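Residue strings, one per chain:
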Amino acid sequence: MENYDVIIVGGGAAGLTAAIYTCRKKLKTAVISLDLGGQTMLTNHIENYPGFDLIPGPELMSKFEQQASKFGAEIIMGEVESIKKKKNSFSVELKTKEKYESKTVILAFGKTARRLNIPGEDKFFGRGVSTCATCDAPFYKEKTVAVIGGGNSALEAAELLTQFAKKVYLTHRRKEFRADEITIDKIKKMKKIEILLDYLPKEVKGDKFVESFVIENTKTKEQKILKVDGVFVEIGYELKTDWLKNLTKLTELGEIIIDNRCRTSQAGIFAAGDVTTVPFKQTIISAGEGAKAGLEAYKYIKGEATVVDWK
Ligand SMILES: Cc1cc2nc3c(=O)[nH]c(=O)nc-3n(C[C@H](O)[C@H](O)[C@H](O)COP(=O)(O)OP(=O)(O)OC[C@H]3O[C@@H](n4cnc5c(N)ncnc54)[C@H](O)[C@@H]3O)c2cc1C
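Residues numbered from 1 in each chain as written. Predicted model: local features only at pLDDT ≥ 70, side-chain atom pairs only at ≥ 80, totals over all residues. Heavy atoms only, no water.

### What to know about the packing of helix H1 (residues 13–24) against helix H2 (residues 57–70)
Running from N to C, H1 and H2 cross one another at 25°; their axes reach a closest spacing of 9 Å. With respect to H2, the axis of H1 lies roughly parallel. H1 and H2 meet at a crossing whose hand is left-handed. Here H1 contributes Ala-13, Leu-16, Thr-17, Ala-19, Ile-20 and Cys-23 to the contact with H2, which in turn contributes Met-61, Phe-64, Glu-65, Gln-67 and Ala-68. (Axes fitted to C-alpha atoms, helices over the stretch in contact; angles between N-to-C directions. Helix = DSSP H or I, 4+ residues; strand = E, 2+ residues; numbered from the N terminus. Parallel < 35°, antiparallel > 145°, perpendicular 65-115°, else oblique. Left-handed = near helix turned anticlockwise from the far one by under 90°. Contact = heavy atoms within 4.5 Å.)

Here it is, written out as structure tokens:
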């Protein structure tokens, strides 16, 4: 079985940055990932990564990967299925049943935005359909957009979009929002927002880019065609962390609980980026957290005090 100093699960911004840092500390590092680049690959317009005015996600992520590989990170393509604690190490097992052993593990396997699964959604993803208002709102200056969802993130996305778009439809499948009262009150007063409750999303239509969004009233079955340039799907995230339950502490939502040094409740296991409790899920934040996790793993291997009191 191959032995490493650090195994990083996930090859997105967090994982690849962690690898740059651990490799530069001369730690034997493997990045095990289903794909390389993670969610950042899904956008062609990144305007908020310092150092680049505008860069396509795939180009940015290819730079991350090249840098990690240049310093010696070994990339293994695969899906990690389980991690078991041994006496002084961890055994990391892939879905294919291949096993690797490592002194430390950095969990950086991100999250997946929930999708509507309606016709047109995939076809126009990145061409008007987005799951990240923080990232894409500035591209909708003086345009009309729809936001789908009834929780805080949907309402906050709608509010943010009013700073750019000329009109924002906020559609939700239930008769009431699930967000904080204070946010609901604020949204209801905003003139640019038209609220459409009790409507199910049905279809995204267009030619090269989104042109309209079809919704259906849950009671009357009446359909409306909203002429929009963008559709923001803000219905939460899926975190596939169930398999870690016996290893490290998770929140009710499944986020990995970390302290401000990326340490989890399990000594020797660190976590970084979207998969953790750190707020504001952004590429720059994942990269910064990955750097911290890498440096913390180095300290742990060197035997410097990193034990956390989780009581
Ligand atoms: C459409 C869209 C546009 C965005 N635009 C911007 C933007 O403009 N600016 C910005 O800052 N942020 C943007 N974001 C957010 C940003 O992409 C994320 O915050 C960032 O990708 C998180 O990085 P991460 O490394 O934490 O996780 P991820 O990017 O999710 O990477 C995790 C990696 O782990 C892999 N993985 C998952 N499970 C396993 C497993 N069990 N075993 C092995 N590998 C696994 C995944 O395949 C993936 O490669 C956008 C997101 C989306 C969806």
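### So, the site of the ligand
Close contacts around the ligand come from 35 residues, with Asp-35, Gln-39, Asn-48, Cys-135 and Thr-283 the closest. Thr-40 places a polar side-chain atom, nitrogen or oxygen, 3.0 Å from an oxygen atom of the ligand. Between the ligand and Lys-281 there is a distance of 3.4 Å, counted from an oxygen atom to a backbone nitrogen or oxygen. Here the ligand has 1,000 Å² of accessible area as a free molecule, and 94% of this is covered by the chains. Those elements that provide at least two residues to the shell around the ligand are strand E1 (2–11), H1, strand E2 (29–36) and helix H6 (283–301). With four residues, E2 is the single largest residue contributor to the shell around the ligand. For the shell around the ligand, the residue count by class is 13 nonpolar, 17 polar and five charged. Lining the shell around the ligand are residues from two domains, each supplying at least three of them: domain 1 (2–111 + 239–301) and domain 2 (129–233). (Near = heavy atom within 4 Å. Polar contact = N/O pair within 3.5 Å; in protein donor to acceptor, adjacent residues only side chain to side chain. Areas by Shrake-Rupley, 256 points an atom, 1.4 Å probe, with all protein chains shown as cover. Nonpolar A, V, L, I, M, F, W, Y, C, P; charged D, E, K, R; others polar. Domains from an automatic or database assignment.)

### Looking at the domain arrangement of the protein chain
Examined at the domain level, the protein chain breaks down into domain 1 (2–111 + 239–301) and domain 2 (129–233). Each of domain 1 and domain 2 was reduced to a C-alpha centroid, and the two centroids are 33 Å apart. With four residues of domain 1 at the contact, the number on the domain 2 side is six residues. Both faces considered, domain 1 and domain 2 share a buried interface measuring about 350 Å² in area, 54% of it formed by carbon and sulfur atoms. Three residues, His-45, Glu-47 and Gln-282, lead the burial of domain 1 against domain 2; their summed loss comes to 78% of the area buried on that side. Applying the counting rule to domain 1 against domain 2 returns zero salt bridges. (Buried area = accessible area lost by both parts, 1.4 Å probe. Salt bridge = Lys/Arg side-chain N within 4 Å of Asp/Glu carboxyl O.)

### As for H1
Its twelve residues place the ends of H1 17 Å apart at the C-alpha level, agreeing with the 16 Å of an ideal helix rising 1.5 Å per residue. Along H1, ten of the twelve residues are buried, which leaves the element largely enclosed by surrounding structure. When we look at burial in H1, the residues that qualify are Ala-13, Ala-14, Gly-15, Leu-16, Thr-17, Ala-18, Ala-19, Ile-20, Thr-22 and Cys-23. Its buried side turned inward, H1 meets E1, E2, H2, strand E3 (74–77), strand E6 (99–107) and H6. Note on H1: the residue one or two positions beyond its end, Lys-26, has a positive phi of about 65°. (Expected span 1.5 Å × (residues − 1). Buried < 20%, exposed > 50% of the residue type's maximum accessible area, 1.4 Å probe, protein only.)

### Concerning the packing of aromatic side chains
In this description, an aromatic ring pair is defined by two values, namely the gap between the centres and the angle between the planes. On inspection of all chains with the given rule, the structure shows six aromatic pairs. Centroid distance Tyr-49 to Phe-52: 6.4 Å. Interplanar angle 40°. Geometry classified as tilted. Counting every residue linked through ring pairs, the aromatic cluster contains Tyr-49, Phe-52 and Phe-64. Here the basic side chain of Lys-25 rests over the ring of Tyr-298, its NZ or CZ set 4.7 Å away from the ring centre. The ring of Phe-125 has Arg-115 lying over it, and the distance from NZ or CZ to the ring centre is 4.0 Å. (Phe/Tyr/Trp six-rings, centres within 6.5 Å; stacked < 30°, edge-to-face > 60°. Lys NZ or Arg CZ within 6 Å of the ring centre and 35° of its normal.)

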